[in-house]
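# Structure at a glance
Below, each chain spelled out in residue letters.
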Protein chains: 2
Amino acid sequence: MVKREPTDRVLTRSTINPAVLKAEYAVRGKIPLRAEELREQLESGDDQLPFDQVVSCNIGNPQQLDQKPLTYLRQLAALTEYPILIDSPEASSLFPKDVLARAKKLVEEVGSVGAYSHSMGVPTIRKRITTFIEERDGYPSSPDKIYITAGASGGVANLLQVLTASPEDGVLIPIPQYPLYTAALALNSARAVPYYLDESNAWSLDMNDVRHNIQKARDDSTVLKAMVVINPGNPTGNCLSRENMDDILKVCYEEKLVLMADEVYQDNIYHKNRPFISFKKALKDLGAPYSDNVELVSFHSISKGQTGECGRRGGYFELCNFSSEAEEEIYKLASIQLCPSLGGQIGVDVLVCPPKEGEASYPQWIEEREGIARTLKERSEILHKAFNELEGVECNDAEGALYLFPTVHLPPKAIEAAKKAKLAPDAFYCLELLQATGICVVPGSGFGQKEGTFHFRTTFLAPGTDKFAGRLQKFHESFMKEYRE
Amino acid sequence: MVKREPTDRVLTRSTINPAVLKAEYAVRGKIPLRAEELREQLESGDDQLPFDQVVSCNIGNPQQLDQKPLTYLRQLAALTEYPILIDSPEASSLFPKDVLARAKKLVEEVGSVGAYSHSMGVPTIRKRITTFIEERDGYPSSPDKIYITAGASGGVANLLQVLTASPEDGVLIPIPQYPLYTAALALNSARAVPYYLDESNAWSLDMNDVRHNIQKARDDSTVLKAMVVINPGNPTGNCLSRENMDDILKVCYEEKLVLMADEVYQDNIYHKNRPFISFKKALKDLGAPYSDNVELVSFHSISKGQTGECGRRGGYFELCNFSSEAEEEIYKLASIQLCPSLGGQIGVDVLVCPPKEGEASYPQWIEEREGIARTLKERSEILHKAFNELEGVECNDAEGALYLFPTVHLPPKAIEAAKKAKLAPDAFYCLELLQATGICVVPGSGFGQKEGTFHFRTTFLAPGTDKFAGRLQKFHESFMKEYRE
């Protein structure tokens, strides 16, 4: 028996897994939590706040804001949930013929969407993923290298768990980065080794800097295991040049690093001169000795793009050139987690196998997708222009993804005020913005940024961009007026 | 630059996270993988096998076998997927009035099922979970202590991650256990500290044995953090006596252990004299100093019971008496994982808030649920009887859950043959069974068993139990004939 005061607790900060204590995830951190409080205040009828709505620009959650679900996907989802509809007399007036036929086939393949599937996902859906990849890249793909996952995040966490185990293990991550990576590495007690994206050069990679950071990490006894690339970039919105991609693949080969390519924004592309190219294609194009040897895992998701079904939790990853022993362990992790939700898997099926020209659903499908893409591009441009008109703010435009990541040159008086409030200067700015306007964005410190620079990340998913930009401008002016020297 | 042969791989057994290498999950381990191969062989038209069907009794996957989805749940799921149906002119001929009204309300509350929800789950669904708990137990429950999860597994993994960090950290687990626990502990490099369920006493707990194992673990410098209880039991099918439950709560209080109560089979109850009692109720009934101090987390799921929607990935846990610092960290982990799938959350909503008497869906709901419960009870009894008729086999009956876990007294000659085949004796038996009959069960060694005893776990979900039992009997006879001295 141990000594115990009645009110003692087993789990306190001194007994909780220190790796958990260390993990941070700013996208749903303190400022979004404050936004939740304000939202509840508004909902409870409080009319003392200087705004009447909280706008969540902190997270890429398209359908929470304005983006409509793709009708085709939802029809298929409804029919597989309740297959009796497929053969009901009302079916033909409610659903297009092609959706009914596909639902019927899917039910035959999957059985009940309430049953566990294979841990890697439904075999026929994995087969269709390979067709999608082959058509996209022009290179073969195989279902036994494909894992369907609960969003990309679940797959990223699994890969990092297989890769890293100790405080010496390190993974190269871009700065700024999506904080899932630092959080997952912290949970594994492993090191995030930064390399910096060059803001002054449209957030491209400086390979000398990458090599320098690899050397520096090795000098610090880091056992470097992998390199993470997010392309299109989150939070930066950049699309990598082909030259950058080739260099990354060569570095991974030469330095013996697994390449983790986060390609979840591959459908969010805004510049014709910067199309999406997958790392799989770049790798295979490179030829020997790279193409058959660099261990590449690439992630895709239904959460972003024109699909935007993040609440469904679906995604996949493809393994290239992994050893069979590594594949075995990755499979084991997937099997401990049983399987991704079937609803998510059906979302992936639509992502990789959309309706085809000539099918009844095709015109609406195209119209909906083009509408979403157009809207996002327009909003990104309005916001980008508005940011660059603000005093002390500079912002690259979005080549891809769903975010802008402007620099804010905060005056010393603001930095001083932040210090007093015990906040990072950019967190102080974001909190003031939230409390003055109801607009919730995430401070750059949550993603990492060059020492002494300050940013925030905002999605451009919110409707009413003009009004939104106006509120932000008005706040920024009054903030600068208060803190300007 | 590092030295590299072109074909070198970064990830090999020598570089993979050793905790991952160590984790095991027999429910989807080698024998189920062999079953998959045999299934593919049959599907490819092979008619050389001595059976024409592989029956997966290795995993509690109700709807893969025979269990039908609950109509009400699926109707609601279909309507929330494609809400345009709710107001369509065809709606009233396709859906009962109460389902339409509930779907409408749910869409108002949730918004799009394609959007991320709050990391802990949709607030109104969490509220209804508390009503369910309050009605079940007669004690208050609060939505800020409820986390909706992707099945119970996701929640268990998160709690164990918060609780354990090092090879010294230990968690008491029942033997036999559901191998999720040993797998998750292995992934955290933590210790599984066994306590034994007493097979000769209907798998009940011997509290002296529990206390003895606690002392022994502490003598080995184990930092004991928690105790896991699975009730009703998996794989054992037992329901704990009230006396056992009270003792467990007292031990957790006295020994400063968090109690993790896996109560996912609470709806699978077969004996009237052993009703399900939640640990929350038992704790609150106990009064001071236990009721307000023992840290209890209890898990529930839509995967089992009469719902059986494991492919949807939904569940929840409730925290009692945790410190606010612990709650903060548990929240952070949930937020890194974004949110459970909305489809899973809607499943949970139906689990905790079924149709009520007087509503249009009620009669069908009751009929379906009672049919499922009756079928399971019948099948468990037929199998239980069949097992006890086999030479050298003894089997407790199922008071709850979905499994039987018979002992098989294997003759020395069989043990010898297993040794030659480099298999555990019970794995050898199960593999022979699979290859002779197509019936896939899991060896007891995957769950843990007393040294020198051999078991297997089978679900009683498969239809045609008589035929199934017959095939098993025939196999067992010929196995014994071959290996009997």
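Just so it is clear, the structure is predicted and the values come from calculations on it, not from any experiment.

### Here's the deal with the overall build of chain A
Of regular secondary structure, chain A possesses 18 helices and 15 strands. Computed over its C-alpha atoms, the radius of gyration of chain A comes to 24 Å, within 12% of the 23 Å expected for a compact globule of 485 residues. Principal-axis analysis of the C-alpha atoms gives chain A an extent of 70 × 65 × 55 Å. Across the 485 residues of chain A, 63% fall into the buried class. Long-range contacts, defined here as pairs at least 24 residues apart, represent 72% of the contacts in chain A between residues at least 6 apart. Only carbon and sulfur atoms are counted for the fraction: they give 51% of the accessible area of chain A, which is about 18300 Å². The distance from the centre of the 54 positive side-chain charges to the centre of the 67 negative ones in chain A is 2 Å.

### Overview of the domain arrangement of chain A
All names here are of chain A. What the domain assignment lists for chain A is domain 1 (18-66 + 377-483) and domain 2 (116-352). Here the C-alpha centroids of domain 1 and domain 2 sit 28 Å apart. Taken residue by residue, the interface counts 32 residues in domain 1 and 34 residues in domain 2. Summing both sides of the interface, domain 1 and domain 2 together bury roughly 2700 Å²; the carbon and sulfur share of this comes to 54%.

### Let's talk about the relation of the copies chain B and chain A
With an RMSD of 0.0 Å, the fit of chain B onto chain A corresponds to turning through 180 degrees and sliding 0.0 Å along the axis. Such a combination of turn and shift is consistent with a two-fold rotation axis. Taking C-alpha positions as reference, the residue of chain B nearest the rotation axis is Ala78 of chain B, located at 2.0 Å. A shared interface surface links the copies, since 100% of the contact residues of chain B are contact residues in chain A too.

### Looking at the sheet that holds strand E4 (residues 191-198) of chain B
All names here are of chain B. An order of E2-E9-E8-E7-E6-E3-E4-E5 is seen for the 8 strands of this open sheet, with the pairing classed as mixed. Either end of the sheet is taken by a strand with one partner, and the two such strands are strand E2 (146-149) and strand E5 (204-205). Sheet topology places E4 next to E5; 2 bridges connect them, and they run antiparallel. Looking at E5, one finds that Leu197 is bridged to Leu205. Sheet strands in contact with helix H12 (residues 279-286) are strand E6 (223-230), strand E7 (258-262), strand E8 (296-301) and strand E9 (315-320), and its direction is about 150 degrees off that of E8. Running at roughly 25 degrees to E2, helix H13 (residues 324-336) makes contact with E2 and E9 of the sheet.

### Here we look at the nonpolar core
Membership of the largest hydrophobic core comes to 338 residues, with the highest contact counts inside it found for Met227 and Met260 of chain A together with Met227 and Met260 of chain B. Residue contacts for Met260 of chain B: discarding those within four places in its chain leaves Val156, Leu159, Leu160, Leu163, Ala226, Met227, Val228, Val229, Val297 and Phe299 of chain B.

### Thoughts on the pairing of strand E3 (residues 169-175) of chain B
Residue and element names in this part refer to chain B. The buried fraction of E3 is high, at 7 of 7 residues. By the alternation rule, side chains of E3 split into Asp169, Val171, Ile173 and Ile175 and Gly170, Leu172 and Pro174, which are all buried. In this sheet, E6 lies alongside E3 in parallel orientation, the contact comprising 4 bridges. What sits directly across from Leu172, in E6, is Met227. With 6 bridges connecting them, E3 and E4 associate as parallel partners. Each bridged residue has a counterpart across the sheet, and for Ile173 the counterpart in E4 is Pro194. Read from E3 through helix H9 (residues 180-187) to E4, the crossover connection turns out right-handed.

### Focus on the interface of chain B and chain A
Interfaces are often described in size by the accessible area the parts lose on coming together. Listed by partner, the interface residues are 99 residues for chain B and 100 residues for chain A. Carbon and sulfur atoms supply 58% of the area buried between chain B and chain A, which totals about 8400 Å² over both sides. Considering only the side of chain B, the residues that lose the most area to chain A are Leu11, Arg28 and Tyr116 of chain B, jointly responsible for 9% of the buried surface there. Here chain B is connected to chain A by 8 salt bridges. Glu81 of chain A is the partner of Arg312 of chain B in a salt bridge, and the nearest nitrogen-oxygen pair spans 2.6 Å. Our enumeration of links across chain B and chain A arrives at 60 residue pairs in polar contact (both at pLDDT 80 or more). At 8 residues, H13 of chain B tops the list of elements feeding residues into the side of chain B that touches chain A.

### With respect to the pattern of salt bridges
Pairing between side chains of opposite charge can happen when their charged atoms approach one another. Counting across every chain of the model gives 60 salt bridges over all chains. Where Glu309 of chain B meets Arg74 of chain B, a salt bridge forms, and the shortest distance between an N and an O atom there is 2.8 Å. Residue Glu309 of chain B is located in the loop between E8 and E9, and its partner Arg74 of chain B is located in helix H4 (residues 71-81); the two are separated by 235 residues in the primary sequence. Take Glu309 of chain B and Arg74 of chain B: they sit in the same class, and that class is buried. For the salt bridge of Lys281 of chain B with Asp285 of chain B, the shortest nitrogen-to-oxygen distance reads 3.2 Å. Separated by 4 residues within a single helix, Lys281 of chain B and Asp285 of chain B lie in helix H12, roughly one turn from each other. Residue Lys281 of chain B is classed as partly exposed on the basis of its relative accessible area of 25%. A relative accessible area of 32% places Asp285 of chain B in the partly exposed class. Through salt bridges with shared partners, one network takes in Arg102, Lys105, Glu109, Arg128 and Asp349 of chain A.

### A few points about the environment of Gly138 of chain A
Considering the arrangement of structural elements, one finds Gly138 of chain A in the loop between helix H7 (123-137) and strand E2 (146-149). With 141 residues separating them along the chain, Gly138 of chain A and Phe279 of chain A place their C-alpha atoms 12 Å apart.

### A look at the side chain of Glu295 of chain A
With respect to the helices and strands, Glu295 of chain A occurs in the loop between helix H12 (279-286) and strand E8 (296-301). Of the side chains with opposite charge, Arg9 of chain B comes closest to the buried, unpaired Glu295 of chain A, at an N-O distance of 4.7 Å. When residues no more than four places from it in sequence are discounted, the contact partners of Glu295 of chain A are Leu257, Val258, Leu259, Cys320, Asn321 and Phe322 of chain A together with Asp8, Arg9, Val10 and Leu11 of chain B.

### So, the packing of H4 of chain B against helix H14 (residues 342-352) of chain B
Residue and element names in this part refer to chain B. Relative orientation of the contacting elements H4 and H14 amounts to 140 degrees, with a least axis distance of 10 Å. Considered as vectors, H4 and H14 are oriented oblique to each other. For the pair H4 and H14, the sense of crossing is right-handed. Each of Tyr72, Leu73, Leu76 and Thr80 in H4 lies in contact with H14, whose residues at this interface are Ile346, Gly347 and Val350. Of the residues that constitute the contact of H4 with H14, the class distribution is 5 nonpolar, 2 polar and no charged.

### Here's the deal with the packing of aromatic side chains
What the rule picks out here adds up to 36 aromatic pairs over all chains. The ring of Tyr403 of chain A carries the charged tip of Arg457 of chain A above its face, separated from the ring centre by 3.9 Å.

### Looking at the sheet that holds E8 of chain A
All names here are of chain A. Strand order in the open sheet formed by 8 strands is E2-E9-E8-E7-E6-E3-E4-E5, with mixed pairing between adjacent strands. Of all the strands in the sheet, just E2 and strand E5 (204-205) have a single pairing partner and so form its edges. Here H7 sits on the sheet and contacts E2, E8 and strand E9 (315-320); the angle it forms with E2, its principal contact strand, is near 115 degrees.

### Remarks on the UniProt feature "domain: Aminotransferase class I/classII large" (unreviewed entry) in chain A
On the UniProt side, "domain: Aminotransferase class I/classII large" (unreviewed entry) is annotated at positions that read residues 96-467 of chain A here. Helix makes up 43% of residues 96-467 of chain A and strand 16%, with an end-to-end C-alpha separation of 38 Å.

### So, helix H10 (residues 207-219) of chain A
All names here are of chain A. Taking 1.5 Å of rise per residue, the 13 residues of H10 would be expected to cover 18 Å, and the 18 Å separating its terminal C-alpha atoms lies within 8% of that figure. Turning to H10, its buried residues number three or more, namely Met207, Asp209, Val210, Asn213, Ile214 and Ala217. Down the axis of H10, the sector holding all buried residues measures 155 degrees, keeping them to one side. Turned more than 90 degrees from where H10 packs its buried face, Asn208 and Asp219 sit exposed. The inward-facing, buried residues of H10 contact strand E3 (169-175), strand E4 (191-198), E5, strand E6 (223-230) and helix H11 (242-254). Its side-chain oxygen 2.9 Å from the backbone nitrogen of Asn208, Asp206 forms the N-cap of H10.

### As for the packing of helix H7 (residues 123-137) of chain B against H14 of chain B
Residues and elements named next belong to chain B. One way to put it is that H7 packs onto H14 with a least axis distance of 9 Å and a crossing angle of 30 degrees. When the interaxial angle is binned, H7 and H14 end up roughly parallel. Taken as a pair, H7 and H14 cross one another with a handedness that is left-handed. For the pair H7 and H14, the contacting residues are Ile125, Arg128, Ile129 and Phe132 in the first and Gln345, Ile346, Val348, Asp349, Leu351 and Val352 in the second. For the contact of H7 with H14, the class distribution of residues is 7 nonpolar, 1 polar and 2 charged.

### Details of the confidence of the model for chain A
The pLDDT averaged across chain A works out to 94; a share of 100% of its residues lies at or above 70. Scoring of the predicted complex yields 0.95 for pTM and 0.95 for ipTM.

Definitions and limits used
Residues numbered from 1 in each chain as written. Chains lettered and ligands numbered in written order. Predicted model: local features only at pLDDT ≥ 70, side-chain atom pairs only at ≥ 80, totals over all residues. Heavy atoms only, no water. Helix = DSSP H or I, 4+ residues; strand = E, 2+ residues; numbered from the N terminus. Rg over C-alpha atoms; globule rule 2.2 N^0.38 Å. Buried < 20%, exposed > 50% of the residue type's maximum accessible area, 1.4 Å probe, protein only. Contact = heavy atoms within 4.5 Å. Areas by Shrake-Rupley, 256 points an atom, 1.4 Å probe, with all protein chains shown as cover. Lys, Arg positive; Asp, Glu negative; His and termini not counted. Charge placed at Lys NZ, Arg CZ, Asp CG, Glu CD. Domains from an automatic or database assignment. Buried area = accessible area lost by both parts, 1.4 Å probe. Least-squares fit on C-alpha atoms with pLDDT ≥ 70 in both. Pairing = 2+ DSSP bridges. Axes fitted to C-alpha atoms, helices over the stretch in contact; angles between N-to-C directions. Core = buried A, V, L, I, M, F, W, Y, C linked by side-chain atoms within 4.5 Å. Right-handed = clockwise from strand over helix to strand, strands pointing away. Salt bridge = Lys/Arg side-chain N within 4 Å of Asp/Glu carboxyl O. Polar contact = N/O pair within 3.5 Å; in protein donor to acceptor, adjacent residues only side chain to side chain. Parallel < 35°, antiparallel > 145°, perpendicular 65-115°, else oblique. Left-handed = near helix turned anticlockwise from the far one by under 90°. Nonpolar A, V, L, I, M, F, W, Y, C, P; charged D, E, K, R; others polar. Phe/Tyr/Trp six-rings, centres within 6.5 Å; stacked < 30°, edge-to-face > 60°. Lys NZ or Arg CZ within 6 Å of the ring centre and 35° of its normal. UniProt positions renumbered as here; feature names shortened; annotations may be inferred. Expected span 1.5 Å × (residues − 1). Arc of directions from axis to C-beta. pLDDT = per-residue confidence, 0-100.

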